[in-house]
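# Close look at the chain arrangement
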Amino acid sequence: MAEPKIVPILLAGGSGTRLWPVSRDAMPKQFLPLVGERSTFQQALTRVSDPDLFAPPIVLTAHKFRFFARAQAEELGIDATIVLEPQRRDSGPAIAAGAAFARHADPEALVLVLAADHVIQDAALFRTACRAGREATAKGYLVTFGIPPTAPKTSYGYIKVGRPLGPDSCYAVETFVEKPDAETAARYVAAGYLWNSGNFLFRADTLLVELASWAPAMAQAAATAVTRAKVDLGFVRLDFEAFAQAPQQSIDYALMEKTTRAAVVESRFRWSDIGNWDAVFTAAAADDAGNALFGPVATFDVKDCLIRAERHLTVALGVRDLLIVTTPDAVLVLPRTRAEEVKSVVATLKAQGHSEATEHRHSWRPWGHADRVDLGDRFQVKRLVVSPGAQLSLQRHFHRAEHWVVVRGTAEVTIGDARHIVHENESIFIPIGTVHRLANPGRIPLEVIEVQTGSYLGEDDIVRLEDKYQRS
């Protein structure tokens, strides 16, 4: 009898503010290429694409990230089921809902829960660990993947290993412990504890039975949210009211630290949660001076630094052990030892009203993306890129007019009841209050320079009359 295929569930709804200014609420780290050419979400999808071992994946993400998740999966040719969390409730409710959804499709589903923002660099060793864990799940265990520590990190939880459960590096969990201080972390490493990777393998029915014992409100809320879920534009939308009843807790706190069925596979693959910029530095390839460099960077007498630049040349001279990140609208410089503090810095920036804390100058849309080029009193200039076959909503503005100049491709522009074809090096004007739409009927990306003029240029001055993406 063939072994059951493993159903991957990718958790892709977080915000990742410790990796600001690259990762922000509007586009979090899992959808960005932080280590390698593809996003960590795409790397995770690729990791579970072996059809002999894995079933098609389920992705749990937030409403505002749904089109990013779909587009990045489709770019890889992967048919993922995308399930939308109505609100962030931590990993416990998300995993519970994913398990309930998988069980609804297959009562005997074997589920692999992966964080979409983690980096795993040894695919073959990862698959070996999954096969080892599968044997323990058949005995009713909830399996996590433990990583032998390379240093006494204080940013990870730890696992104390218990008795062996089989020949394949699988053990009962004696204790889960929270993130320790430096002295305690060193003691854990010396005692043979493992890092807790936060990735899991279990039968869906086992997880839900255990959750019903230890966190019944969470189990019930997740089950009801799945039962009442609706399909919307191909996305599975969990029921808002039911999901909101789930306690906001991590799966470790809600279940794994309490259950007697926890097991751990001692895993040999290289792993990082890339939870801060120092973790990105550790996971990245370094040059002879120990520097991890990304983008247009020049260094002179620089050692053991991460320098990441987007667009603008970033030059460093005579510095050591720094993290330097530049984007078109923000620059971050800090010692590697203080990488964990970026989250609190971002919270302060939000409280002070800095839009850069949450929004990118470069913004992604279901139809493509937009980049703010300039902003002044009563004017704003943007570069719009519309994907082939895509279109913006039919809309009007009450406080601004727009002038569009096509620089690449062919635009189909609706103004009132008329439609216009606008070619490269041609332009068109949209008066204030006029109903209009921009579409790309061609086979190459459409690039348009948009000049907005008016008394108010905020993004909330948009009245959408018709939108294929069902935005409000």
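Predicted, not measured: the structure shown is a model, and the values here were computed from it. (Residues numbered from 1 in each chain as written. Predicted model: local features only at pLDDT ≥ 70, side-chain atom pairs only at ≥ 80, totals over all residues. Heavy atoms only, no water.)

## So, the nonpolar core
Counting 95 residues, the largest nonpolar core has Phe41, Leu112, Phe126, Trp277 and Leu438 as the members making the most contacts within it. With five residues, the single largest contributor to this core is helix α4 (residues 123–137). The residues touching Leu112, leaving out its near neighbours within four places in the chain, are Ile6, Val7, Pro8, Ile9, Val48, Phe54, Phe126, Cys130, Phe145, Phe200 and Leu201. In terms of nonpolar packing, the next biggest core, distinct from the first, is built from 45 residues, Phe243, Ile251, Met256 and Val264 among them. (Core = buried A, V, L, I, M, F, W, Y, C linked by side-chain atoms within 4.5 Å. Buried < 20%, exposed > 50% of the residue type's maximum accessible area, 1.4 Å probe, protein only. Helix = DSSP H or I, 4+ residues; strand = E, 2+ residues; numbered from the N terminus. Contact = heavy atoms within 4.5 Å.)

## Looking at the pairing of strand β16 (residues 306–309)
The two faces of β16 match: Leu306 and Arg308 on one face and Ile307 and Ala309 on the other face are all buried. Examined bridge by bridge, strand β14 (residues 292–294) and β16 share three bridges and lie parallel to one another. What sits directly across from Leu293, in β16, is Ile307. Summarising the sheet, β16 and strand β18 (residues 322–327) pair through four bridges and their orientation is parallel. The residue bridging Arg308 from the neighbouring strand is Val325, located in β18. (Pairing = 2+ DSSP bridges.)

## Things to note about the sheet that holds strand β21 (residues 368–376)
Across the sheet, six strands lie side by side as β20-β21-β22-β29-β24-β27; this open sheet has antiparallel pairing. Among the strands making up the open sheet, the edge pair consists of β20 (362–365) and β27 (427–430). Each strand of the sheet is rotated relative to its neighbour by a mean of 20 degrees, with strand direction disregarded. In this structure, β20 lies alongside β21, joined through four bridges in antiparallel fashion. Opposite Trp364, over in β21, you have His369 as the bridge partner. (Axes fitted to C-alpha atoms, helices over the stretch in contact; angles between N-to-C directions.)

## So, helix α3 (residues 91–105)
Given 3.6 residues per turn, any residue in an α-helix points the same way as the ones three and four places further on. Compared with the 21 Å implied by 1.5 Å per residue over 15 residues, the 21 Å span of α3 between its first and last C-alpha is a close match. Counting buried residues along α3, twelve of its 15 residues qualify, which places the element largely inside the surrounding structure. Every buried residue of α3 is accounted for by Ser91, Gly92, Pro93, Ala94, Ile95, Ala96, Ala97, Gly98, Ala99, Ala100, Phe101 and Ala102. (Expected span 1.5 Å × (residues − 1).)

## A few points about a nonpolar patch on the surface
A surface patch of nonpolar side chains, amounting to about 450 Å² of accessible area, comprises Phe300, Leu313, Val315 and Leu317. Secondary-structure assignment places Val315 in strand β17 (residues 314–317). (Patch = residues over 30% accessible without salt bridge, like charges linked within 9 Å, V, L, I, M, F, W, Y side chains within 5 Å. Areas by Shrake-Rupley, 256 points an atom, 1.4 Å probe, with all protein chains shown as cover. Salt bridge = Lys/Arg side-chain N within 4 Å of Asp/Glu carboxyl O.)

## A few points about the sheet that holds strand β19 (residues 330–335)
Pairing is mixed across the open sheet formed by four strands, whose spatial order is β14-β16-β18-β19. Sheet topology places β14 and β19 at the edges, where each strand pairs with a single neighbour. Taking the axes of each pair of neighbouring strands and ignoring which way they run, one obtains an average angle of 5 degrees across the sheet.

## Observations regarding the packing of aromatic side chains
Taken as a whole and assessed by the stated rule, the structure comprises 13 aromatic pairs. Ring geometry for Tyr156 versus Trp195: centroids 4.8 Å apart, planes at 70 degrees, classification edge-to-face. Here the residue Tyr156 occupies a position in the loop between β6 (142–147) and β7 (158–164), and Trp195 occupies one in strand β9 (residues 194–203), the gap between them amounting to 39 residues. Here Tyr188 and Tyr193 contribute two aromatic rings whose centre-to-centre distance is 4.4 Å and whose plane-to-plane angle is 15 degrees, an arrangement assigned as stacked. Of the two residues, Tyr188 and Tyr193, neither departs from the other in class, the shared state being buried. Taken together through their ring pairs, the aromatic side chains of Phe31, Phe41, Phe65 and Phe68 make up a single cluster. If you follow Arg47 out to its NZ or CZ, it ends over the ring of Phe126, 5.9 Å from the centre. (Phe/Tyr/Trp six-rings, centres within 6.5 Å; stacked < 30°, edge-to-face > 60°. Lys NZ or Arg CZ within 6 Å of the ring centre and 35° of its normal.)

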